[in-house]
Amino acid sequence: QVQLVESGGGLVQAGGSLRLSCAASGRIFKINAMGWYRQAPGKQRELVARIPSAGNINYADSMKGRFTISRDSAKNTVYLQMSSLKPEDTAVYYCNADIYTSIVSSERTYWGQGTQVTVSS
């Protein structure tokens, strides 16, 4: 059906940068919003940033100015450029996308498996 595959996670020192990618593939008719969420150990999953097919981008307050979300609609891919990383940014980062699989289907939200980002102090 539909798959979302993240890449780009890893270990980085505080103050460093990483760029995450998430590519959607499979039976895709249309993708509306795409986004990034994260979940740290012992905490709930939280929004990082969300980018619609058109309109304003939404960032969590703690990420504004440090993280930048973008998308390449031709490649069904969403990116997250993370800069000035802090140890508290350590988490599993998940992408999601609101996808129509056909002209008659309902919109459904799909999730990737997640990619680990670890920021050392």
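(A) The arrangement of the pairing of strand β4 (residues 30–39) in detail. The buried fraction of β4 is high, at eight of 10 residues. Where β4 lies against strand β9 (residues 91–100), eight bridges are found, and the strand directions are antiparallel. Pairing of W36 across the sheet is with C95, part of β9. Inspection of the sheet shows β4 paired to strand β5 (residues 46–51) by five bridges, in the antiparallel sense. Within the sheet, the bridge partner assigned to Y37 lies in β5 and is L47. Linking β4 back to β5 in an antiparallel pair, the connection comprises six residues, with G42 at a positive phi of about 80°.

(B) Region of the structure containing the environment of T109. Structurally, T109 can be placed in strand β10 (residues 108–111). In sequence terms T109 and D98 are 11 residues apart; their C-alpha atoms lie 4.4 Å from each other. The contacts of T109, once residues within four sequence positions are left out, are N96, A97 and D98. A distance of 2.6 Å separates a polar atom in the side chain of T109 from a polar atom in the side chain of D98.

(C) Representation of the side chain of S105 within the structure. In this fold, S105 is placed in the loop between β9 and β10. In terms of polar contacts, S105 uses its side chain to reach the backbone carbonyl oxygen of S102, at 3.1 Å.

(D) Geometry of the sheet that holds strand β7 (residues 67–72). The strand order β1-β3-β8-β7 describes an open sheet built from four strands, whose pairing is antiparallel. Two strands in the sheet have a free side with no partner beyond their single neighbour: β1 (2–7) and β7. Neighbour-to-neighbour, the strand axes of the sheet open up by a mean angle of 15°, direction not taken into account. Two elements, β1 and strand β3 (residues 18–26), share six bridges in a ladder whose sense is antiparallel. Following the sheet pairing, Q3 is matched in β3 by S25.

Rules behind the numbers
- Residues numbered from 1 in each chain as written.
- Predicted model: local features only at pLDDT ≥ 70, side-chain atom pairs only at ≥ 80, totals over all residues.
- Heavy atoms only, no water.
- Buried < 20%, exposed > 50% of the residue type's maximum accessible area, 1.4 Å probe, protein only.
- Helix = DSSP H or I, 4+ residues; strand = E, 2+ residues; numbered from the N terminus.
- Pairing = 2+ DSSP bridges.
- Contact = heavy atoms within 4.5 Å.
- Polar contact = N/O pair within 3.5 Å; in protein donor to acceptor, adjacent residues only side chain to side chain.
- Axes fitted to C-alpha atoms, helices over the stretch in contact; angles between N-to-C directions.

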